[in-house]
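Next come the chains, spelled out residue by residue.
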Amino acid sequence: MPDSHPQPPHSSSSSSSSASSGDPAALLLCGARLTDGRTVDVRLGGGRIEAVGTVGSLSAYATRVDLSGYLLLPAPAEPHAHGDTALSADSDGPVSYDPQEVQRRATEAALLQLGHGATALRSHVRIGDVPGLGALAAVLQARRALRGLAELTAVAMPRVLTGAAGADGLAMLRDAVKMGASVVGGCPDRDPDPTGYVEAVLEVASEHGCPVDLHTDGDDPARLARLAAMAGGLRPGVTIGPCGGLGRLPAEVASRAADQLAAAGVTVTCLPQGGCGGAERRATAPVRLLRAAGVRVAAGSGALRDVSNPVGRGDPLEAAYLLASRHGLRPEEAYDAVSASARAVLGLPEVRVEAGFPAELLAVRGDRLAGALSLAYSRIVVHRGRVVARTSAVREYCNTPAVAALDLPRQGRTGQS
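Residues numbered from 1 in each chain as written. Predicted model: local features only at pLDDT ≥ 70, side-chain atom pairs only at ≥ 80, totals over all residues. Heavy atoms only, no water.

**Student:** What am I meant to see in the overall build of the protein here?
**Tutor:** For the protein, the count of helices and strands is 13 helices and 16 strands. Counting all 417 residues of the protein, 55% fall into the buried class. In the protein, 74% of the contacts between residues at least 6 apart in sequence involve partners at least 24 apart. For the protein, the exposed area adds up to about 17400 Å²; of that, 50% sits on carbon and sulfur atoms. (Helix = DSSP H or I, 4+ residues; strand = E, 2+ residues; numbered from the N terminus. Buried < 20%, exposed > 50% of the residue type's maximum accessible area, 1.4 Å probe, protein only. Contact = heavy atoms within 4.5 Å. Areas by Shrake-Rupley, 256 points an atom, 1.4 Å probe, with all protein chains shown as cover.)

Dropping the structure here:
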């Protein structure tokens, strides 16, 4: 699974030449603009980038995709989704955990986020109480249905792991891992013994070699210090979020907590677009303070149109836009939070628009990253070397003297997308 078995990129010399073999799945992306200002052709084959060259320099027996007017980027990833409750805000009464309904919602939510550009997603799924293991089984079925379109992995979230009630939760957590949950997590803040909860999760993770991804508001510095001390050195790693409460602490206290998280190698996933069902309050973690301390910061979407955020969009580019516009990150830093850092959270290999790297790409209409984060309407998504989603937006203005005088940008109905 991507969350537990990352693979290094192959060198370009080891990749097969789909151009010479006439691989019918090969793609040639023509005339794409890169963030360094170059305009290039990019040849894809075998799920990887085979070559990057000047426009017209790459001959290929391949399907051509015209990316003139598009900016080509490494594809985003979604490190914090809730597929079991997504798209349930309009439901009458409590959220349904009927397995077929959960599978439908989780699949539709993943496809919506794929359309935004996220070719890999991590979904937190409640286990125990009403859903039992049924919601997890449904999300895992959605994962199988999405194979070839997007990578979906599941985090098992038990409610209680300590005291008399915790024994059942701990047994169910182990069963969830055996079923196929590749990450263990939950909400220690809601357990009567938060430290005991973290200890139990780390024990199960150590037993099975799983990553850990915990919900916490991060407003208790002593609790964060204990978590950092326990998590330090655990492989394949510990992620916490959304940590909005960390920003409400005094600056000196928050800086000390950030230093402790950095020393322990703990990643923080923030939720700039709003909250989620695993967080009590809506706030974004202090991303600049965390980055300055050396903490890896990723950004996720959280709730997608459930009761925690009925208007959640699940768009990684919106998360990056908010990090840039409201939290002071440069566009490149903001996009890193939803791409390279988000992929690292999921245990996925790095993506660059260079030969030998995975062909996980997003083309956005525009010529600069800042503009793409501002007005990213038209998008083409590439997963494993093939186009898996396309969104086209056309804006037209009526033909009036004012429009002609201003020379407003205009997209025609043909030849533009």
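**Student:** Help me out: how do you make sense of the side chain of R48 in this one?
**Tutor:** Here R48 lies in strand β3 (residues 48-54). Within the buried core, R48 has no salt-bridge partner, and the shortest N-O distance to an opposite charge, that of E360, equals 8.9 Å. (Lys, Arg positive; Asp, Glu negative; His and termini not counted. Salt bridge = Lys/Arg side-chain N within 4 Å of Asp/Glu carboxyl O.)

**Student:** What am I meant to see in the packing of helix α9 (residues 316-327) against helix α10 (residues 331-338) here?
**Tutor:** Think of two packed helices as two axes; the pair is described by the angle between the axes and how far apart they sit. At a minimum axis separation of 8 Å, α9 and α10 run at an interaxial angle of 140°. One way to sum up the angle between α9 and α10 is to call them oblique. In terms of crossing hand, the pair formed by α9 and α10 is right-handed. Contacts between α9 and α10 involve P316, L317, A319, A320, L323 and A324 from the former and A334, Y335, A337 and V338 from the latter. Of the residues belonging to the contact of α9 with α10, the class tally is 10 nonpolar, no polar and no charged. (Axes fitted to C-alpha atoms, helices over the stretch in contact; angles between N-to-C directions. Parallel < 35°, antiparallel > 145°, perpendicular 65-115°, else oblique. Left-handed = near helix turned anticlockwise from the far one by under 90°. Nonpolar A, V, L, I, M, F, W, Y, C, P; charged D, E, K, R; others polar.)

**Student:** Looking at this structure, I do not really get the sheet that holds strand β6 (residues 78-81). What am I missing?
**Tutor:** Each strand in a sheet pairs with its neighbour through backbone hydrogen bonds, running either in the same direction (parallel) or in the opposite one (antiparallel). The strand order across the open sheet formed by 8 strands is β6-β7-β8-β9-β10-β11-β12-β13, and the pairing between neighbours is parallel. Of all the strands in the sheet, the pair left with one neighbour each is β6 and β13 (297-299). Here the average twist between neighbouring strands, direction ignored, is 25°. Where strand β11 (residues 238-242) and strand β12 (residues 267-270) come together, 2 bridges link them in parallel fashion. The residue bridging I240 from the neighbouring strand is V268, located in β12. (Pairing = 2+ DSSP bridges.)

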